[in-house]
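Overview (structure and organization)
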2 protein chains.
Amino acid sequence: MSTLTPKQQEIRDRETRILEVARRLLDDSGYLGLSMDAIAAELGYSRGTIYNHFSCKEEIIIAQAIRTMNQRTNMFRRAASTSGRPRQRLSAIGVAAELFVRLHPDHFAVEQLIRSASIWDKTSEKRRRAMHLAESQCMAIVAGIVRDGIAHGDLTLPDQFSPEDLVFCLWSVTFGAYSIIATSDGLEAHGVLDPWYAVRLNINRTLDGFQWEPLSTEFDYLAQFEQLIHDVFPEEQRQLFG
Amino acid sequence: MSTLTPKQQEIRDRETRILEVARRLLDDSGYLGLSMDAIAAELGYSRGTIYNHFSCKEEIIIAQAIRTMNQRTNMFRRAASTSGRPRQRLSAIGVAAELFVRLHPDHFAVEQLIRSASIWDKTSEKRRRAMHLAESQCMAIVAGIVRDGIAHGDLTLPDQFSPEDLVFCLWSVTFGAYSIIATSDGLEAHGVLDPWYAVRLNINRTLDGFQWEPLSTEFDYLAQFEQLIHDVFPEEQRQLFG
DNA sequence: CTCGTTTTTGACAGAATGTCAGAAATCTTC
DNA sequence: GAAGATTTCTGACATTCTGTCAAAAACGAG
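Model, not experiment: these values are computed from the prediction. (Residues numbered from 1 in each chain as written. Chains lettered and ligands numbered in written order. Predicted model: local features only at pLDDT ≥ 70, side-chain atom pairs only at ≥ 80, totals over all residues. Heavy atoms only, no water.)

1. Comments concerning the overall build of chain A
In plain terms, the rule: For helices the rule is a DSSP run of H or I covering at least 4 residues; for strands it is a run of E covering at least 2, with both sets numbered from the N terminus onward. Each residue's exposure class comes from its accessible area (1.4 Å probe, protein chains only) as a fraction of the maximum for that residue type: buried when under 20%, exposed when over 50%, partly exposed otherwise. Whether two residues are in contact is decided by their heavy atoms, any of which lying within 4.5 Å being enough. To be clear on the numbers: accessible area is Shrake-Rupley with a 1.4 Å probe, and residue cover counts the displayed protein chains and nothing else. Only four residue types enter the charge count: Lys and Arg as positive, Asp and Glu as negative, with His and the chain ends excluded. Positions of charges follow a simple convention, taking NZ of Lys, CZ of Arg, CG of Asp or CD of Glu.
The helix and strand tally for chain A stands at 11 helices and 0 strands. Taken from N to C terminus, the helices and strands of chain A fall in the order α-α-α-α-α-α-α-α-α-α-α. C-alpha atoms of chain A, sized along the principal axes, occupy 60 × 50 × 40 Å. Within the span of chain A, comprising 242 residues, buried residues form 56% of the whole. Across chain A, the fraction of contacts at a sequence separation of at least 24, relative to all contacts at a separation of at least 6, is 69%. Counting every atom, chain A has about 10,700 Å² of accessible surface; 49% of that belongs to carbon and sulfur. Taken together, the 26 basic and 32 acidic charged side chains of chain A have centroids lying 7 Å from each other.

What follows is the structure, encoded as structure tokens:
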């Protein structure tokens, strides 16, 4: 049957409502504060009903992560499809990454939580595969740009160093920086002036170190930053900065 | 009284034994697998006794993290006190960081867990301060080397960019990379050849990007790497590679 | 050996998870 | 629109863990 009965429609809606409530609870009081009881109570259902949708609370958490990760991949895809030389397109991905993490400040914490807190083992094979898929899609987009850079003659990688190795480097620095920013209050107290700016500069200098042309001395990537926000991500920009 | 009674001695010993067992449980089955029951059973005490030492399991986890973080700080201190130009000493810290994470593969996962999973709020003020202290000591060591580099004339930082910002960059990339390595099986399947090598190269190229002399084209930091392991961390090297 | 002190114990209350048989709602067919 | 088939929902239940605390046991000084 192609059209859904009202009931089926309601069930589908409920799934997203569960995720919404779960997200708020997770934001407010973390993993320990997220309980099936609380979700059920908030939505006015019994616990059993929630268990019809998700077999355990870990499934809810991973579902959450997959959703936002796919949004991220979409933003990356849009960034990758801009025009310009490869390193400029990579810079657009940097914009996407930063906007994304500002829209979903908790995403990396949740992702790390899934990977470390023995949550992984309790989730379904299906969702785990969805998560892997989303992840490798993201990597593939960035790796594609690196290959473009090489094909263009803008970049030559060292021996024993694959495009994926470079993607891993960029992944590390963003994952690490955004995790630290999200979880460590008082970076300023440690003497860090503007962590967001630091990440941008860091990535630019790293790519300079790999001699990826045009170097940041030849092209002002940080200035391009503002422009890209307006041109490629107007909707996200509005959500974030009014 | 200066000398401890046998009983007091036993209590003190027990504390470290609790942490040992907790560490194994944490390694084996993660945060969810760590239970006060299991620890008590394994050591042959009742739960109440364990609660005399640690008021909740979160306290055990943070105690764990503080212990290993202090070991890390010690290794950093040893690395920082080597001779050579500032960037070479920073390279020695890179060796320390990598050896450390290979000795304690779970450390960063635990650290992230503490920060994200609402564990932080359940821990005592005293331990939280100990954790902050350990962290800023580590940062201070690295920041000191950055300042040495500037004082030496080997490094000039961009405007609006403090030594601590550079430390934050290095912290991000190591934290991110080691977290990913520890939690993501099958990096090789993603096309990453040797993540450890990638991190080293990444950091060297980043510092090149900041024009920190001597550049990696002038001095072979990767070759120095092997040497430093033997000279500064023979004990750790033995533990790791037999 | 005795008595005050410290330490240990395990029963208990509370909170959350995940299950499942029966109740309720919904859909199908005539 | 009513009966019967099917799906969905419910809340009581068993279980597992946490954290507490009064009573019991072990300890140490004199």
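2. Some details on the nonpolar core
Nonpolar side chains in soluble globular proteins tend to be buried together. Here is the rule: By convention a nonpolar core is built from buried Ala, Val, Leu, Ile, Met, Phe, Trp, Tyr and Cys residues, the set being connected through side-chain atoms within 4.5 Å.
Within the largest apolar cluster, 102 residues are counted, with the highest numbers of intra-cluster contacts made by F168 of chain A together with F168 of chain B. The residues contacting F168 of chain B, other than those within four sequence positions of it, are A177, I180, I181, L187, V192, P195, A198 and V199 of chain A. Core analysis: the second largest hydrophobic core is formed by 56 residues, A65 of chain A together with Y31, M36 and I119 of chain B among them.

3. Side note on the packing of aromatic side chains
For the record, the criterion: Stacked, edge-to-face and tilted are the three classes for Phe, Tyr and Trp ring pairs, Trp counted by its six-membered ring, which pair at centre distances within 6.5 Å; planes under 30 degrees apart are stacked, over 60 edge-to-face, the rest tilted. Our definition puts a charge over a ring when NZ of Lys or CZ of Arg is within 6 Å of the ring centre and also within 35 degrees of the ring normal.
Under the defined criterion, the tally for this structure stands at 10 aromatic pairs over all chains. Ring geometry for Y178 of chain B versus W196 of chain B: centroids 5.7 Å apart, planes at 35°, classification tilted. Of this pair, Y178 of chain B sits in helix α8 (residues 163–183) while W196 of chain B is found in helix α9 (residues 195–209), placing the two residues 18 residues apart along the sequence. Pair check on accessibility: Y178 of chain B and W196 of chain B agree, each one buried. Each residue in the set F108, F175, Y178 and W196 of chain A is aromatic and connected to the rest through ring pairs, giving one cluster. We note R14 of chain B situated over the ring of Y45 of chain B; from NZ or CZ to the ring centre the distance is 4.7 Å. Geometry around W196 of chain B places R102 of chain B over its ring, the cationic atom sitting 4.3 Å from the centre.

4. What about the protein's contact with DNA strand C?
For clarity, the threshold we go by: Proximity is defined per residue: if any heavy atom of the residue lies within 4 Å of a molecule or strand, that residue is considered near it. We call two N or O atoms a polar contact when they sit within 3.5 Å, provided that within protein one can donate a hydrogen and the other can accept it, with sequence-adjacent residues counted only if both atoms are side-chain atoms. Charged means Asp, Glu, Lys or Arg here, nonpolar means Ala, Val, Leu, Ile, Met, Phe, Trp, Tyr, Cys or Pro, and polar covers whatever is left, Gly included.
Taken together, 22 residues sit near DNA strand C, with R47 of chain A together with R14, S46, T49 and N52 of chain B positioned nearest. Considering DNA strand C, the proportion of its atoms within 4 Å of the protein that are sugar or phosphate atoms stands at 66%. Between K122 of chain A and DNA strand C, the recorded distance is 3.1 Å, taken from a side-chain N or O atom to a phosphate oxygen. Taking R14 of chain B, its side chain carries an N or O atom lying 2.7 Å from a phosphate oxygen of DNA strand C. Put simply, the parts of the chain that give the surface near DNA strand C at least two residues each are α1 (6–33), α2 (36–43) and α3 (47–53) of chain A together with α1 (6–33) and α3 (47–53) of chain B. No other element matches α3 of chain B, which puts 4 residues into the surface near DNA strand C. A class-by-class count of the residues in the surface near DNA strand C yields 8 nonpolar, 6 polar and 8 charged.

5. Re the packing of helix α7 (residues 125–152) of chain B against α8 of chain B
All names here are of chain B. Here is the rule: Comment: axis = line fitted to C-alpha atoms, over the contacting stretch for helices; angle = value between 0 and 180 degrees taken between N-to-C directions. Note that the term roughly parallel is reserved for angles under 35 degrees, roughly antiparallel for angles over 145, roughly perpendicular for angles of 65 to 115, and oblique for everything else. For any helix crossing, the convention is left-handed if the near helix is rotated counterclockwise from the far helix by under a right angle, and right-handed if that rotation is clockwise.
Here α7 crosses α8 at 120°, and the two axes come no closer than 9 Å. If you check the angle between α7 and α8, you find them oblique. For the pair α7 and α8, the sense of crossing is right-handed. Packed against α7, whose contacting residues are E135, M139, V142, A143, V146, R147 and I150, the element α8 presents P163, E164, L166, V167, L170 and W171 at the interface.

6. Concerning helix α4 (residues 57–80) of chain B
Here is the rule: Expected span of a helix: the number of residues minus one, times 1.5 Å.
The first and last C-alpha atoms of α4 of chain B sit 35 Å apart over 24 residues, in line with the 34 Å expected at 1.5 Å per residue. For α4 of chain B, the buried fraction is high: 17 of the 24 residues fall into the buried class.

7. Comments concerning the interface of chain B and chain A
Many authors give the size of an interface as the accessible area that is lost as the parts come together. In plain terms, the rule: Here the quantity called buried area is the accessible surface, traced with a 1.4 Å probe, that two parts lose on coming together, added over both. A carboxyl oxygen of Asp or Glu within 4 Å of a side-chain nitrogen of Lys or Arg is what we treat as a salt bridge.
Facing 55 residues of chain B, the contacting portion of chain A comprises 55 residues. Together, the buried faces of chain B and chain A total about 4,500 Å²; carbon and sulfur atoms form 68% of this surface. On the surface where chain B and chain A come into contact, there are 0 salt bridges. Put simply, chain B and chain A have 12 residue pairs in polar contact (both at pLDDT 80 or more) between them. Looking at the side of chain B that touches chain A, the elements that each hand over two or more residues are α1, α6 (107–116), α7, α8 and α9 of chain B. Top element by residues in the side of chain B that touches chain A is α8 of chain B. It accounts for 14 residues. Taken together, the residues of the side of chain B that touches chain A sort by class into 26 nonpolar, 19 polar and 10 charged.

8. Details of the protein's contact with DNA strand D
DNA strand D sits among 20 residues. The nearest are R14 and T49 of chain A together with M36, R47 and K122 of chain B. Here DNA strand D approaches the protein such that, of its atoms within 4 Å, sugar and phosphate make up 64%. Residue R14 of chain A places a side-chain N or O atom 2.7 Å away from a phosphate oxygen belonging to DNA strand D. Contacts to DNA strand D include M36 of chain B, whose backbone N or O atom sits 3.0 Å from a phosphate oxygen. Where the surface near DNA strand D is concerned, the elements lending two or more residues are α1 and α3 of chain A together with α2 (36–43) and α3 of chain B. Residue contributions to the surface near DNA strand D peak at 4 residues, all from α3 of chain A.

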